[in-house]
There are 2 protein chains.
Amino acid sequence: MDKSIFRTLSYGMYVLGTKNGDRFSGCIVNTVFQLTSEPPIIGVSISKDNYTHDLIMKEKRFTASVISENTPVSVINTFGFRTGRKTDKFENVSYKVLPSGLPYVTEKMCGWMECEVMETVSLPTHTVFISKVSDSGILERETPMTYAYYHHVVKGNAPKNAPTHLNPDVADPTKPAESAQNTDRIETSLKTSSETKSESKTEKKKAYVCRVCGHVYDGDIPFEELPADWVCPTCGEGKENFVLKEI
Amino acid sequence: MDKSIFRTLSYGMYVLGTKNGDRFSGCIVNTVFQLTSEPPIIGVSISKDNYTHDLIMKEKRFTASVISENTPVSVINTFGFRTGRKTDKFENVSYKVLPSGLPYVTEKMCGWMECEVMETVSLPTHTVFISKVSDSGILERETPMTYAYYHHVVKGNAPKNAPTHLNPDVADPTKPAESAQNTDRIETSLKTSSETKSESKTEKKKAYVCRVCGHVYDGDIPFEELPADWVCPTCGEGKENFVLKEI
């Protein structure tokens, strides 16, 4: 078994929206997939540890907004790496509310779907919600963000409870997609020759980086002296998931 | 409801492999998705009309090979638009056979998975096979082909019984991905100035094109005179699915 095969499967990126009474919540998923065309039925796999999972179990309805390559990374970080149990994830993002009372995020999204749960499949760690799409709309003419783009260009990771989470030590056997290579080239070409020169002269900076979400620790207290119960401010993972590396 | 939303969902492209006694068969799918990470469980949605569907129902096992951007289009056409009931789809492709007796295609594929069906979900037109990945391997360091790449660059369509099939009249609300734009640019730049000149002088050529698979009819008999039961040699669709357009 070579687990790096799972890095070769392709997905999009989506924000799910749901509610608990008058309070909105949601999360990021990459496993939204159409199961039948007529009637339009989709499936989505969500971790049983996830607050959105419990709300969808209760409400039996949710929205899915399709993330584009121009959706701000801050939206992905807010919905992907914080828990709705403690945070109001909709506080700082643009969204609209459907007649059903469900919210959908509008920030540079390709569009949205409203989904009604028809059936659930319980797996060891996740539930698959098989759901009928009851309404949908297009928002912007944008390129949908693939998970490969998020991984290679945005340099993002999947949180621990994602269906596609892999230990960061599992190699990536894919050649980055063209767009990723292009972006790398653009970033390189933006550096002036003097910058490149000074980089080669100075020692490379090292910092503690979260292996789950990529957060770079830059606090005043040395990382080693942080209390044992300190957690990553972006994704909530513990100190043991930080590694010292060149940035 | 705006059905073009379904064109914004992202997928990969896969060849499923299965068998009926000693005879191999398979098909193309774009809805392979990971449902849990530990243990590794995937889902795949297959039309109930599909021969591969019946074989997987019987065998309870299958393989999935991950198509790359360099996989020959002929492999996609053979597995995607012909039926295994009449054709030996493995006749002209490279493949290997696992100890279980199941075949997987090796032609410029990123890798393969062997899957054991754990549970099936019956939907109106499709069955979702929820399956444990029991073995897997990496074949080539290639970029996995996304369905968007197949659609925008290879100019391919989904056959009528795919979970993601949409009437070709449903608009595509996405901006083609960077790689697609690049390829268009490459194609354009390959044309010499004399070619461009002669093109603008001569009348554009028209032909009957299959709206399902893109096959261009170029037979000796005028298209209008073909018998009523004539079918597309690539995908088997009837004459009514051909449209006269500029090529």
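About the cut-offs
Residues numbered from 1 in each chain as written. Chains lettered and ligands numbered in written order. Predicted model: local features only at pLDDT ≥ 70, side-chain atom pairs only at ≥ 80, totals over all residues. Heavy atoms only, no water. Contact = heavy atoms within 4.5 Å. Buried area = accessible area lost by both parts, 1.4 Å probe. Salt bridge = Lys/Arg side-chain N within 4 Å of Asp/Glu carboxyl O. Polar contact = N/O pair within 3.5 Å; in protein donor to acceptor, adjacent residues only side chain to side chain. Helix = DSSP H or I, 4+ residues; strand = E, 2+ residues; numbered from the N terminus. Nonpolar A, V, L, I, M, F, W, Y, C, P; charged D, E, K, R; others polar. Pairing = 2+ DSSP bridges. Axes fitted to C-alpha atoms, helices over the stretch in contact; angles between N-to-C directions. Core = buried A, V, L, I, M, F, W, Y, C linked by side-chain atoms within 4.5 Å. Buried < 20%, exposed > 50% of the residue type's maximum accessible area, 1.4 Å probe, protein only.

(A) How the structure looks around the interface of chain B and chain A. Each partner contributes residues to the interface: chain B has 64 residues there, and chain A has 64 residues. Both faces combined, the contact of chain B with chain A buries some 5,300 Å², and carbon together with sulfur accounts for 62% of it. For the chain B face of the interface with chain A, the top three residues by lost area are Met1, Gln34 and Arg141 of chain B, together amounting to 12%. The tally of links from chain B across to chain A stands at two salt bridges. Where Lys3 of chain B meets Glu38 of chain A, a salt bridge forms, and the shortest distance between an N and an O atom there is 2.5 Å. Along the contact surface separating chain B from chain A lie 12 residue pairs in polar contact (both at pLDDT 80 or more). For the side of chain B that touches chain A, the elements supplying multiple residues, two or more each, are β3 (32–36), β4 (41–47), β8 (109–122), β9 (126–138) and α4 (178–190) of chain B. Take the side of chain B that touches chain A: its biggest share by element is nine residues, from β9 of chain B. For the side of chain B that touches chain A, the class distribution of residues is 31 nonpolar, 22 polar and 11 charged.

(B) Highlighting the environment of Phe242 of chain A. Within the element layout of this structure, Phe242 of chain A appears in strand β11 (residues 242–246). Phe242 of chain A has contacts with Tyr208, Val209, Cys210, His215, Tyr217, Phe223, Trp230 and Cys232 of chain A, leaving out every residue within four places of it along the chain.

(C) Broad picture of the sheet that holds strand β5 (residues 61–67) of chain A. Residue and element names in this part refer to chain A. With antiparallel pairing, the seven strands of this open sheet are ordered in space as β2-β1-β5-β8-β9-β4-β3. Each edge of the open sheet carries a strand with a single partner, namely β2 (23–29) and β3 (32–36). For this sheet, the mean inter-axis angle between neighbouring strands, taken without regard to orientation, is 35°. Inspection of the sheet shows strand β1 (residues 14–20) paired to β5 by four bridges, in the antiparallel sense. For Gly17, the partnering residue across the bridge sits in β5 and is Thr63. Sheet strands in contact with helix α1 (residues 51–59) are β1, β2, β4 (41–47), β5, β8 (109–122) and β9 (126–138), and its direction is about 60° off that of β1. Packed onto the sheet, helix α2 (residues 73–81) meets β1, β2, β5 and β8 and runs at close to 100° relative to β2.

(D) A look at the nonpolar core. In terms of nonpolar packing, the biggest core is built from 116 residues, with Leu16 and Met113 of chain A together with Leu16 and Met113 of chain B touching the most fellow members. Excluding its chain neighbours within four sequence positions, the residues that come into contact with Met113 of chain A are Val32, Ile42, Phe62, Thr63, Ala64, Val133, Asp135 and Ser136 of chain A together with Ile5, Phe6 and Leu9 of chain B.

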